[in-house]
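Listed below, chain by chain, are the residues.
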Amino acid sequence: GSAANLQESDLSTTETAARAGSEVETEVRNRRTFAIISHPDAGKTTLTENLLLKGGAIRLAGQVKARGDKRRARSDWMKIEQDRGISVTSAVMTFEYKGITCNLLDTPGHEDFSEDTYRTLTAADSAIMVIDAAKGIEAQTLKLFEVCRLRDVPIITFINKIDREGVSPFDLMDEIGSKLALDTAPMIWPAGMGGLLRGIFDPENDRFIPYEKPGTEKGGPDSEPESLSGERIADYLGADELATFREEMELAREGSPTFDIEQYRAGHMTPVYFGSALRKLGVRELLDAIVRFAPPPRAQPAATRIVEPTEPKVSGFVFKVQANMDANHRDRVAFMRICSGKFKRGMRLKLSGSGKTIGVHNPILFFAQDRELLDDAFAGDIIGIPNHGTIRVGDTLTETEDLVFTGIPNFAPEILRRVRLDDPMKAKHMRRALESLAEEGVTQVFKPEIGANWVVGVVGQLQLEVLASRIAAEYDIKVHFEPAPYETARWVVAEDAAELKRFMEAHRGNMATDRDGAPVFMAKSNWELGYTLEKWPKVKFSATRERA
Ligand code: G4P
């Protein structure tokens, strides 16, 4: 019989290990874990829906939002997202396409939630950058791009909404090239735009995908136009129009470097796709690009060594914790990116740092499709681990070895506020609430050296509202925030411990500690920060802090 028919016990230990090794290798090769970065309104939700639809994960477009509505009913703080019409919760959606397992990380789009978004990006191997053809590169896209650049995350560009009047495709390519300092390689080229849109060219396969305007016979919302090749393109467009579009496309291709997968994977070049998420034009081509070009799970740096995804032993890091998903239970879900090995339900994992061991009996897997509960997950996958607060953002979990993954940063808060309690008897409760919510990684809590008031740091104004509303709803404590005399904060480190001590003593009024006890310098103004920076050259001021 074949090896597959043998019982585990029939095989020697080395044979079992070898077989497990090759299974992990195959699974890793067939995985793509990616996120979408965009400015609000560029079309991320619409594109997500259509990617899932293409991947067979959902049957009808609209379900991503519908599901969101159901989720919103669950707890009070989610009312804010309902009122504001934004999405605060982020999840992972897994689907299969052409034999490849795709993990799409959903990053909250609202700019106020950037820290959470930033950290979600640390769990992605690549990104799709969605740009609105009429608006070009917008503020939030640029910010998120910069986070991707920190790690040279490969980016595929999707220029969306070409069914509307937009900037010329040439100008859009130029803008990406110059604003992001990236080489752009046109992969799909639009034939017209807005009212004049006729379809898209796929020069590699010499195909043309016609665009059927909505309302026309073929242009139903779920129909996908058949692609044309050879003579049929000219028949469809007419010789003159075809000549004009071909000329444009050739011009674009001559003016750009040819696509080079190595350059793309190194983060230096972005392949550019034009399309319309709403009209399903170019979505299939985009998904094909992910499957063909996007990198499989990467090696992950740890403090002591680099961990390869194909190693048989399980390891992973937590990039997000969501507390109180169910208002009736004080439970949390830690989202862990698996960095190596094959995870099995019921496996025991060791938490670096505390050394505690956790049995993972009820992992949450994120297949967007109705299917049987899965028992296994591989490097590149995300699993949700329910727990009671033992697991924190930045934590490493391993099967055996003591490892600490690096590179999951805290970001310097852009808004600092003092927390004021309406009922001073509840100080202890409030502290617990603040710390617990900080563990989710959305807000930061600082304890100043001098004075009794806690300071919270957030990346955007809306987070303060979320924070107050959650403290009220989940802990029954009324707080409000008042201005703190600080504008910005930096983590401080120095090679020379004595120098750091001198610095801290000289600035006691500015010093605080974060929830891990790490020293933080809070500056009253950017000017003060600049001045201090210059005066203390041996102290390193960092806008991010990596959990170690
Ligand atoms: P976001 O998640 O990035 O914020 O964007 P979302 O998908 O919600 O899209 C924002 C708006 O842009 C939506 O319109 C959506 O229908 C529209 N849109 C997305 N892709 C395309 C496209 O390819 N072409 C055109 N013409 N429009 C597109 P809305 O009216 O704000 O919302 P809705 O009421 O349609 O949901």
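Criteria and cut-off values
- Residues numbered from 1 in each chain as written.
- Predicted model: local features only at pLDDT ≥ 70, side-chain atom pairs only at ≥ 80, totals over all residues.
- UniProt positions renumbered as here; feature names shortened; annotations may be inferred.
- pLDDT = per-residue confidence, 0-100.
- Contact = placed C-beta atoms within 7 Å.
- Helix = DSSP H or I, 4+ residues; strand = E, 2+ residues; numbered from the N terminus.
- Expected span 1.5 Å × (residues − 1).
- Buried ≥ 20, exposed ≤ 12 C-beta atoms within 10 Å, placed from the backbone.
- Arc of directions from axis to C-beta.
- Near = placed C-beta within 6 Å.
- Nonpolar A, V, L, I, M, F, W, Y, C, P; charged D, E, K, R; others polar.
- Pairing = 2+ DSSP bridges.
- Axes fitted to C-alpha atoms, helices over the stretch in contact; angles between N-to-C directions.
- Parallel < 35°, antiparallel > 145°, perpendicular 65-115°, else oblique.
- Left-handed = near helix turned anticlockwise from the far one by under 90°.

- As recorded by an unreviewed UniProt entry, the protein carries the name Peptide chain release factor 3 and is attributed to Parvibaculum lavamentivorans.
- Quoted verbatim from the Sequence similarities (unreviewed entry) field of UniProt, the annotation for the protein is "Belongs to the TRAFAC class translation factor GTPase superfamily. Classic translation factor GTPase family. PrfC subfamily."
- In UniProt, the protein has this text filed under Subcellular location (unreviewed entry): "Cytoplasm".

## A few points about the confidence of the model for the protein
Stage number 1. A residue-level look at the protein finds 82% of positions with pLDDT of 70 or above and a mean pLDDT of 83.
Stage number 2. Across residues 1–10 the pLDDT falls below 50, and counting only partners more than four positions away or on other chains, this stretch makes four contacts in the model.

## Thoughts on helix H6 (residues 139–150)
Stage number 1. The first and last C-alpha atoms of H6 sit 17 Å apart over 12 residues, in line with the 16 Å expected at 1.5 Å per residue.
Stage number 2. Where H6 is concerned, the buried positions are Thr141, Leu144, Phe145, Val147 and Cys148. The arc that holds every buried residue of H6, seen down its axis, measures 155°, which confines them to one face. Facing away from the buried surface of H6 by more than 90 degrees, the exposed residues are Ala139 and Glu146.
Stage number 3. Asp152 lies just past H6 and shows a positive phi near 50°.

## Quick notes on the site of the ligand
Stage number 1. With respect to spatial proximity, 17 residues lie near the ligand, and among them Gly43, Thr45, Thr46, Ser276 and Leu278 are the closest.
Stage number 2. The biggest single contributor to the shell around the ligand is helix H2 (residues 44–54), with three residues.
Stage number 3. Its residues placed into classes, the shell around the ligand shows four nonpolar, seven polar and six charged.

## A few points about unusual backbone geometry
Stage number 1. Unusually for a residue other than glycine, Asp152 sits at a positive phi of about 50°.
Stage number 2. Although it is not a glycine, Asp206 sits at a positive phi angle of roughly 50°.
Stage number 3. Judged by the 11 C-beta atoms lying within 10 Å of it, Asp206 falls in the exposed class.

## Comments concerning helix H11 (residues 283–293)
Stage number 1. Within H11 the residues assigned to the buried category are Val283, Glu285, Leu286, Leu287 and Ala289.
Stage number 2. On the buried face of H11, the contacting elements are H2, strand S2 (92–97), strand S5 (155–160), strand S8 (199–202) and strand S11 (269–274).

## Notes on the sheet that holds strand S4 (residues 126–132)
Stage number 1. Read from one edge of the open sheet, seven strands run S2-S3-S1-S4-S5-S11-S6, paired in mixed fashion. Whereas interior strands pair on both sides, the edge strands pair on one side only; in this sheet they are S2 and strand S6 (183–186). Each neighbouring strand pair of the sheet contributes to a mean axis angle of 30°, computed without reference to strand direction.
Stage number 2. Here S4 pairs with S5 via six bridges, running parallel. The partner of Ile128 across the bridge, within S5, is Ile156.

## Quick look at the packing of H2 against H11
Stage number 1. Where H2 contacts H11, the two axes come as close as 10 Å, and the packing angle between them is 75°. Between H2 and H11, the crossing angle belongs to the class labelled roughly perpendicular. Residues Asn50, Leu51 and Lys54 of H2 lie in contact with H11, whose contacting residues are Val283, Arg284 and Leu287.
Stage number 2. Residue classes in the contact of H2 with H11 are distributed as three nonpolar, one polar and two charged.

## Here we look at the pairing of strand S17 (residues 348–351)
Stage number 1. Where S17 meets strand S18 (residues 357–359), three bridges bridge the pair, whose relative direction is antiparallel. Residue pairing for S18: Lys350 is matched across the bridge by Thr357.
Stage number 2. Taken together, S17 and the strand that follows it, S18, pair antiparallel across an intervening segment of five residues, in which Gly353 is found at a positive phi of about 90°.
Stage number 3. By the bridge criterion, two bridges tie S17 to strand S21 (residues 396–398) in an arrangement that is antiparallel. Its bridge partner being in S21, Lys350 is matched across the sheet by Thr398.

## A closer look at the sheet that holds strand S7 (residues 189–191)
Pairing between the strands of a sheet is mediated by backbone hydrogen bonds and can be parallel or antiparallel.
Stage number 1. The four strands lie next to each other as S7-S8-S9-S10, forming an open sheet whose pairing is antiparallel. Among the strands making up the open sheet, the edge pair consists of S7 and strand S10 (228–229).
Stage number 2. Of the strand pairs in this sheet, strand S9 (residues 207–210) and S10 are connected by two bridges, and their pairing is antiparallel. Each bridged residue has a counterpart across the sheet, and for Phe208 the counterpart in S10 is Leu228.

## Description of the packing of helix H12 (residues 427–439) against helix H13 (residues 461–475)
Stage number 1. Contact pair H12 / H13: the axes reach a minimum separation of 11 Å and the direction vectors enclose 120°. The orientation of H12 relative to H13 falls into the category oblique. Regarding H12 and H13, the two cross each other, and that crossing is right-handed. Between H12 and H13, the residues in contact are His429, Ala433 and Leu437 and Leu467, Arg470, Ile471 and Tyr475, respectively.
Stage number 2. Considering only residue class, the contact of H12 with H13 consists of five nonpolar, one polar and one charged.

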